[in-house]
Amino acid sequence: MFRYNAKFGDHDVLAGLNIANTHETGGLHRNDGGQRNGLRTIVDNRSDSVEVFLVDRWKIAPAWTLVYGAQGVITGRDVRNTDVASGVLRNPKADYAAFNPRIGVIRALTPASEAFASVSRLHEAPTTFELQDDVRGGDATLDAMHGSAAEIGVRGNTIGPTDAIRWQWDASLYYARIHDEILSIDNIAAPGTSLSTNVDRTVHAGIEALLGASIPLGGGHRIEPLVSATYNAFSFDDDAAYANNRLPAAPRHAIRGEVMYRNDKGFFAGPTFDVVGARYADFSNTYRVGSYQLLGLRVGFERERWEVFGEVRNLLDEEYVGVFSVLDRASAGSAILQAGEPRSVYAGLRWRW
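Presented here is a report on the structure given in the accompanying data block.

So, how was this worked out
- Residues numbered from 1 in each chain as written.
- Predicted model: local features only at pLDDT ≥ 70, side-chain atom pairs only at ≥ 80, totals over all residues.
- Heavy atoms only, no water.
- Phe/Tyr/Trp six-rings, centres within 6.5 Å; stacked < 30°, edge-to-face > 60°.
- Helix = DSSP H or I, 4+ residues; strand = E, 2+ residues; numbered from the N terminus.
- Buried < 20%, exposed > 50% of the residue type's maximum accessible area, 1.4 Å probe, protein only.
- Lys NZ or Arg CZ within 6 Å of the ring centre and 35° of its normal.
- Pairing = 2+ DSSP bridges.
- Core = buried A, V, L, I, M, F, W, Y, C linked by side-chain atoms within 4.5 Å.
- Contact = heavy atoms within 4.5 Å.
- Salt bridge = Lys/Arg side-chain N within 4 Å of Asp/Glu carboxyl O.

Summed over the entire model, instances satisfying the criterion amount to 6 aromatic pairs. Geometrically, the ring pair formed by Phe-236 and Phe-283 is edge-to-face, given 5.9 Å between the ring centres and 75 degrees between the ring planes. Separated by 47 residues along the polypeptide, Phe-236 in strand S11 (residues 221-236) and Phe-283 in the loop between strand S14 (279-280) and strand S15 (288-289) bring together distant segments of the chain. Pair check on accessibility: Phe-236 and Phe-283 agree, each one buried. Arranged with centres 6.0 Å apart and planes meeting at 40 degrees, the rings of Phe-301 and Trp-306 form a pair that is tilted. In this arrangement the basic side chain of Arg-288 is found over the ring face of Tyr-280, its NZ or CZ atom lying 5.8 Å from the centre. Sitting above the plane of the Phe-309 ring, Arg-350 keeps its charged end 4.3 Å from the centroid.

Take a look at the structure:
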């Protein structure tokens with residue numbers, strides 16, 4: 001990585017260069033009860049990318065900043081999978097290039113808060129894993145995902161004396177139209193193996209919000225509630241097979257929060273909670289996985305450079321679905337669900353330098 005930052009009058013310019021090269025070798029084996037049972041495929045995959053970007057934060061007025069720039073990226077993928085039994089080589093290979101501009105504006109509302117809006121172009125090349133698992137097989141290659149996104153929001157915090165309540169917030173509304181999104185579907189013939197395909201058009205929209213506070217109780221004690229929430233509206237866009245169905249696996253809403261007691265000596269303790277909405281487990285939207293709510297507890301001691309902590313997750317030992325594979329059409333009898341984490345206890349140490 002290379003970064004260069006310079007200020008010229010009202011301009012704050014950041015330029016960068018990212019170079020990456022990855023080489024993956026190994027093999028795929030037949031599975032016999034969790035044990036290797038003979039080499040099936042020899043894997044020799046390579047990927048590389050060069051990314052150049054330039055962004056300028058231009059203070060066009062006392063309370064206004066224009067943010068604009070662009071990214072140029074060139075990416076290569078070379079998948080070489082050789083079948084051991086037949087010696088046949090699969091070699092999906094492609095180069096991807098894109099120019100991705102963006103423009104936005106920031107309006108200062110107070111010394112510690114601002115409103116913002118932006119529009120940008122999206123681009124993401126397929127990974128070697130996705131090319132390797134292309135549903136079409138052979139040497140076919142997936143297209144890169146691309147589209148455009150718009151976002152608007154506010155963020156900031158309050159400034160005041162230490163004995164007053166302090167607030168922090170961050171909320172944004174976003175909308176993205178994506179072409180050729182790469183989605184994975186479980187291979188019915190080999191459960192646990194995903195197959196990748198491009199989808200013509202999808203929409204990713206939603207709201208992301210965070211609200212926190214620090215409430216003084218006197219004598220160096222305070223209560224600090226914090227909650228983050230997302231509302232997701234992910235769907236197909238007039239798809240030939242799935243019309244405007246919701247995209248599976250993503251819940252309509254997800255909320256995570258905590259209410260921590262803290263004191264000036266560094267001690268903290270309090271409950272945590274998670275609320276996750278129902279999710280579809282198939283592209284056809286015929287099978288829904290239920291919502292769940294979890295309660296936890298965190299406690300610890302924090303100093304300037306280190307922290308010790310303990311945490312109990314899923315305190316009430318609720319049974320819930322953590323993750324699942326996605327099918328074209330699923331039912332209650334489909335073997336795709338994995339249980340979420342039971343009541344679990346963690347302890348740790350963090351050190352900063």
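Moving on from the model shown.
A few words now on the pairing of strand S6 (residues 93-110). Alignment of strand S4 (residues 64-83) against S6, held across 15 bridges, turns out to be antiparallel. Bridging across to S6, Tyr-68 finds its partner in Ile-103. Here 8 bridges tie S6 to strand S7 (residues 113-124), and the two strands are oriented antiparallel to one another. Paired with Ile-103 across the strands is Val-119, a residue of S7. Counted between consecutive antiparallel strands, the loop separating S6 from S7 contains 2 residues.

Turning next to the environment of Val-203. Relative to the elements of secondary structure, Val-203 occurs in strand S10 (residues 194-218). The spacing of Val-203 and Arg-246 is 43 residues in sequence and 9.4 Å in space, taken between C-alpha atoms.

Further remarks concern the nonpolar core. One finds Leu-183, Phe-236, Ala-281, Phe-283, Val-289 and Phe-324 to be the most contacted residues of the largest nonpolar core, which totals 19 residues. Of all the secondary-structure elements, those providing two or more residues to this core are strand S9 (166-186), S11 and strand S18 (321-324). In terms of residue count, S9 provides more of this core than any other element does, 3 residues in total. Beyond its immediate sequence surroundings of up to four residues, Phe-324 is in contact with Ala-249, Arg-279, Tyr-280, Ala-281, Val-289, Ile-336 and Leu-337. The next biggest cluster of nonpolar side chains, apart from the first, holds 10 residues, and it includes Tyr-96, Leu-131, Leu-142 and Ile-182.

The next point concerns the side chain of Asn-314. Looking at where Asn-314 falls in the secondary structure, it is placed in the loop between strand S17 (306-313) and S18. Setting aside residues up to four positions removed in sequence, Asn-314 forms contacts with Leu-294, Leu-295, Tyr-320, Glu-341, Pro-342 and Arg-343.

The next point concerns the pattern of salt bridges. Going through the model one piece at a time under the given rule, you end up with 13 salt bridges. Glu-224 is paired through a salt bridge with Arg-222; the nearest N and O atoms lie 2.9 Å apart. When its relative accessible area of 24% is taken as the criterion, Arg-222 is described as partly exposed. With a shortest N-O distance of 2.7 Å, Arg-298 and Glu-258 are connected by a salt bridge.

The next thing to look at is the side chain of Asp-134. Turning to its location among the elements, Asp-134 is positioned in the loop between helix H1 (128-132) and strand S8 (145-157). With relative accessibility at 4%, the residue Asp-134 sits in the buried group. Excluding residues within four positions of it along the chain, Asp-134 makes contact with Ala-140, Thr-141, Leu-142 and Ser-196.

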